[in-house]
Amino acid sequence: MAFENTVLGTVASLPILTSRNIVFLACGWIVYKLLRALWNISPFHPLSHIPGPKLAAATYLPEFWYDAVKFGRYTRVIEKMHEVYGPIVRVNPDEVHCNDAQFVDEIYAVGGRKRDKPLHQVSGSAMEHSFFATPDHDHHRIRRAPLAKFFSKNQIAKLEPQLQLLTQRLCDKLLAWSGKDEPINTQMAYSCFTSDAISDYCFGESFGFLARESWEPNFREPVYSLLQTVYIFRFFPFLKHTAMASSWFINYLPKDMALLIRTLDTNIPNQIRKTKSEIDAGIVRDRPTVFGELLKSDLPPSEKRTERLADEAASVLSGGTETVSWTLSVITYHLLTQPEVLSKLTEELRVAVEDPRSLPPWTALEQLPYLWAVMQEGLRLSYGVSSRTARVATEEDLVYRGEWRPAGGDEAVKVEHVIPRGYGVGMSTVLIHHDETLFPDSHAFVPERWLDDNMQQNRKLERYLLSFSKGSRNCPGMNLALCEMHLALAALTLRVFPHMRLFETTEDDVKYDHDMFVPLTKDGSKGVRVLIV
Ligand code: HEM
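The name given to the protein chain in an unreviewed UniProt entry is Cytochrome P450, with the source organism recorded as Hypoxylon rubiginosum.

Structure follows, in structure tokens:
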């Protein structure tokens, strides 16, 4: 108490921190915010011609309320805005949202057209030095290029023997649960598989989760703890540094937060330091590892700092685990609830696979039309990143031309808007994937929509599948993800699904409800749970 009195007394006695000055500063801040809001909705603002609710155009308050306070619920509000205002709406003072898949290639462009990420969106990421969170187009290219080459189709083919091994290990471990009364959460099980795969590739040492007796611990909890902070950090980026500084009193923090800080602040940087010292000591691994090669690459030294590479590793490890395991869980649910789909898939695989313990290569599996269709449909209904991700065209204005049929109106009206350079414009996968004109009966799992009349792959719809995003900032891990999913799905279908039964799982356990960057189901859902009989 005496200490507090002294400190407060000292602060109060600082000449600039008088109560009068504090009131003056607070008033100044409020006036500034009001003037900003007025400017945002004035006809002089470059986005003034974009339709949308006035409050969202004036301030970030609606987004803050629905995403940060009500947690991840702005996407649904944006969906309603589109019903009222059309395919292009202004969702905050600096960002436009588009709900027309025909505009995908303009927003998520390739071919040298520069696309920044809006600062507001990247500031939500705790991995601020990763290329994922790098706003500037050119800087992003420098950071992404040396890493992305490890995920080309050729490189993944070299990794395939290891992935085949892990696939069989996953099936063996699931089958070892046979007869146990204890349900398995499939996302947790599949996450052990995907995190073993990506950790092995990144550092030459897998987390070893599949080799353990139980499904816990796994990497799922650190990833979800990481994602839980996205909306709060987006509005209060300074909290990132406060949170990281709290490693001093980690033992007193809530379990999730402690796990997050331990993972980001200790475990991953230690892994980078270990890789560095192995290189310094001249130790050569049998297989090249992603971070070993990055450290040896000609990236400038500032890009090879432990702190930066640790952010990169956290982004690759988290990007590479839950997305794949969630997609596989969604597919598992739909296959187990639709026996006719499962039996078509099984039939196709039985012809193509002689021995499910020794699968054909991914390049052969991906030619199987029904397996491919099941995968596409699973990706569509698992969304990848469900919340909106925007891009900023820095060198050209984007011109949107489309048609829109207002609710209750008989006639389609023509819509044209110029989105000025320098402002964010994005889409939400979860809205595009339920566009009924592209995907009729969009909530149903129908692999046949991806097949033509001859039951061969129909690639026309692929253009509208945004699960891996598009353009220069699309998912670099797509080949790894597809390889893992083809192998896992083939082996699970032939070896495990005949023994797998859903346990207290309904559609609510896979159906999108809100976002945490990735899709989340209704609060209280326990995920897709199964028994092995
Ligand atoms: C089904 C599996 C996956 C899906 C659906 C998926 C989806 C996505 C999406 C939508 C983005 C763009 C995010 C944005 O616009 O901000 C992205 C980026 C990214 N993904 Fe994936 N991903 C998957 C698997 C993986 C894997 C296996 C890795 C591991 C290498 C990975 C690593 C990354 C990274 C590092 C980025 C940032 C790219 C950039 O900003 O340039 N992802 N992913």
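Caption draft 1: Molecular detail of the overall build of the protein chain. Across its full length, the protein chain carries 22 helices and 12 strands. Along the first, second and third principal axes, the C-alpha atoms of the protein chain reach 80 × 70 × 50 Å. When the 533 residues of the protein chain are sorted by exposure, 42% land in the buried category. Residue pairs at least 24 apart in sequence account for 73% of intrachain contacts in the protein chain once pairs closer than 6 positions are excluded.

Caption draft 2: Inspection of the sheet that holds strand β12 (residues 529-532) at higher detail. Taken together, three strands build an open sheet; the order of strands is β4-β12-β9 and the sheet is antiparallel. The open sheet has two free edges, formed respectively by β4 (184-185) and β9 (500-502), since each of these has just one partner strand. Pairing of β4 with β12, which is carried by two bridges, proceeds in the antiparallel orientation. Within β12, the position partnered with Asn 185 by the bridge is Arg 529.

Caption draft 3: Fine view of the sheet that holds strand β1 (residues 88-92). Spatially, the five strands line up as an open sheet ordered β1-β2-β8-β5-β3, and their pairing is mixed. Both outer strands of the open sheet, β1 and β3 (115-116), are each paired with one neighbouring strand and no more. In this structure, strand β2 (residues 95-98) lies alongside strand β8 (residues 424-427), joined through three bridges in parallel fashion. For Val 96, the partnering residue across the bridge sits in β8 and is Val 425. The strands touched by helix α5 (residues 74-85) within the sheet are β1 and β2, with β1 carrying the most contacts at an inclination of about 140°.

Caption draft 4: A look at the confidence of the model for the protein chain. The pLDDT averaged across the protein chain works out to 92; a share of 94% of its residues lies at or above 70. Every residue in residues 1-9 scores below 50 in pLDDT, and together they form zero contacts with partners more than four places removed in sequence or on other chains. Across the interface, the model reports ipTM at 0.98; the global pTM reads 0.93.

Caption draft 5: Spotlight on the site of the ligand. For the ligand, the set of nearby residues contains 24 residues, the closest of which are Gly 319, Gly 320, Gly 384, Cys 475 and Gly 477. Contributing elements (two or more residues each) for the shell around the ligand: α16 (306-319), α17 (322-337) and α22 (478-496). In the shell around the ligand, the residues fall into 12 nonpolar, 10 polar and two charged.

Caption draft 6: View of the environment of Ser 343. Here Ser 343 is to be found in helix α18 (residues 339-352). Of the residues examined, Ser 343 has 11 C-beta atoms within 10 Å and is grouped as exposed. Through-space distance from the C-alpha of Ser 343 to that of Ser 19 is 74 Å; in sequence the pair is 324 residues apart.

Caption draft 7: Spatial organisation of α16. Here α16 contains 14 residues, and its C-alpha end-to-end distance of 19 Å stays within 8% of the 20 Å for a straight helix at 1.5 Å per residue. Taking burial as the measure, the 14 residues of α16 include 11 buried ones, the bulk of the element. Restricting attention to buried positions, one finds in α16 the residues Leu 309, Ala 310, Asp 311, Glu 312, Ala 313, Ala 314, Ser 315, Val 316, Leu 317, Ser 318 and Gly 319.

Caption draft 8: Geometry of the packing of helix α9 (residues 153-175) against α22. Put simply, α9 and α22 touch, their axes get as near as 9 Å, and they point 35° apart. The two elements α9 and α22 meet at a crossing, and its hand is right-handed. Contact residues: α9 offers Lys 153, Ile 156, Glu 160, Leu 163, Gln 164, Thr 167, Gln 168, Leu 170, Cys 171, Leu 174 and Leu 175, while α22 offers Asn 479, Leu 480, Cys 483, Glu 484, Leu 487, Ala 488, Ala 491, Leu 492, Arg 495 and Val 496. In the contact of α9 with α22, the residues fall into 13 nonpolar, four polar and four charged.

Caption draft 9: Expanded view of the nonpolar core. By size, the foremost hydrophobic cluster in this structure holds 125 residues, and its most contacted members are Cys 202, Ala 313, Leu 371, Ala 488 and Leu 489. Broken down by element, the residue count for this core peaks at 12 residues, all from α22. Among residues more than four places away in sequence, those in contact with Ala 313 are Cys 202, Ile 268, Gln 271, Ile 272 and Phe 291.

Rules and cut-offs
Residues numbered from 1 in each chain as written. Predicted model: local features only at pLDDT ≥ 70, side-chain atom pairs only at ≥ 80, totals over all residues. Helix = DSSP H or I, 4+ residues; strand = E, 2+ residues; numbered from the N terminus. Buried ≥ 20, exposed ≤ 12 C-beta atoms within 10 Å, placed from the backbone. Contact = placed C-beta atoms within 7 Å. Pairing = 2+ DSSP bridges. Axes fitted to C-alpha atoms, helices over the stretch in contact; angles between N-to-C directions. pLDDT = per-residue confidence, 0-100. Near = placed C-beta within 6 Å. Nonpolar A, V, L, I, M, F, W, Y, C, P; charged D, E, K, R; others polar. Expected span 1.5 Å × (residues − 1). Left-handed = near helix turned anticlockwise from the far one by under 90°. Core = buried A, V, L, I, M, F, W, Y, C linked by C-beta atoms within 7 Å.

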